[in-house]
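Per-entry structural report
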Amino acid sequence: YIRFVNLDDENRSRCSLTKTWKKFLLDVEPLRLYIPVAKKTIEQKKDWFIKQVMPTLSGIMISDYGSLDIVHHNIDYGISKMSKEMQDIVSNSNPDWKKDID
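So, a few notes on the structure that sits alongside this text.

Conventions and cut-offs
- Residue indices follow the written sequence of each chain, beginning from 1 at its first position.
- Two thresholds apply to this predicted model, a pLDDT of at least 70 for residue-level local features and 80 or more for giving and counting side-chain atom pairs, whereas whole-chain, interface and lining totals are computed over all residues.
- Hydrogens and water are ignored here; the side-chain numbers use all heavy atoms of the structure.
- Between rings of Phe, Tyr and Trp, where Trp is taken as its six-membered ring, a pair exists when centres lie within 6.5 Å; planes separated by under 30 degrees are stacked, by over 60 edge-to-face, and by other angles tilted.
- Secondary structure elements follow DSSP: runs of H or I of four or more residues count as helices, runs of E of two or more count as strands, with numbering from the N terminus.
- When accessible area is computed with a 1.4 Å probe and restricted to protein chains, residues below 20% of their type maximum are described as buried, those above 50% as exposed, and intermediate ones as partly exposed.

Details of the packing of aromatic side chains
One pass over the full model with this rule turns up two aromatic pairs. Ring geometry for Phe4 against Trp21: centres 4.7 Å apart, planes inclined by 75°, an arrangement best described as edge-to-face. Of this pair, Phe4 sits in the segment before helix 1 (19-26) while Trp21 sits in helix 1, placing them 17 residues apart in sequence. Residue class for Trp21 comes out buried when judged on its relative accessible area of 13%. Where Trp21 meets Phe24, the ring centres are 5.2 Å apart and the plane angle is 25°; that geometry is what we call stacked. A residue pair is termed a helical-turn pair when its members lie 3 or 4 positions apart in one helix, as Trp21 and Phe24 do in helix 1 at three residues. Look at Phe24 and you get partly exposed, because its relative accessible area is 47%. Among the aromatic side chains, those forming a connected cluster through ring pairs are Phe4, Trp21 and Phe24.

Set out below in structure tokens:
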């Protein structure tokens, strides 16, 4: 990701490494900079829902005089769009959830 070079070529990718950088690299092995993302929990999903969805849902409910019809009428659609990750999270909390929706 980083190279210290002598500017000895028009094309920087062909420039030679500095002596100090070459010496440093002798004792260095490649390092992977990727950190895998931890699996989400149902609590993290609830927290996201409260912070991100609730303001909009609250506004919709208020405009519909407190009705939750939008939720009730669209729950099947939401279930059909759930990712595999979300299905796994739900299954950890409620293993029989699929039986309940059929």
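Okay, back to it.
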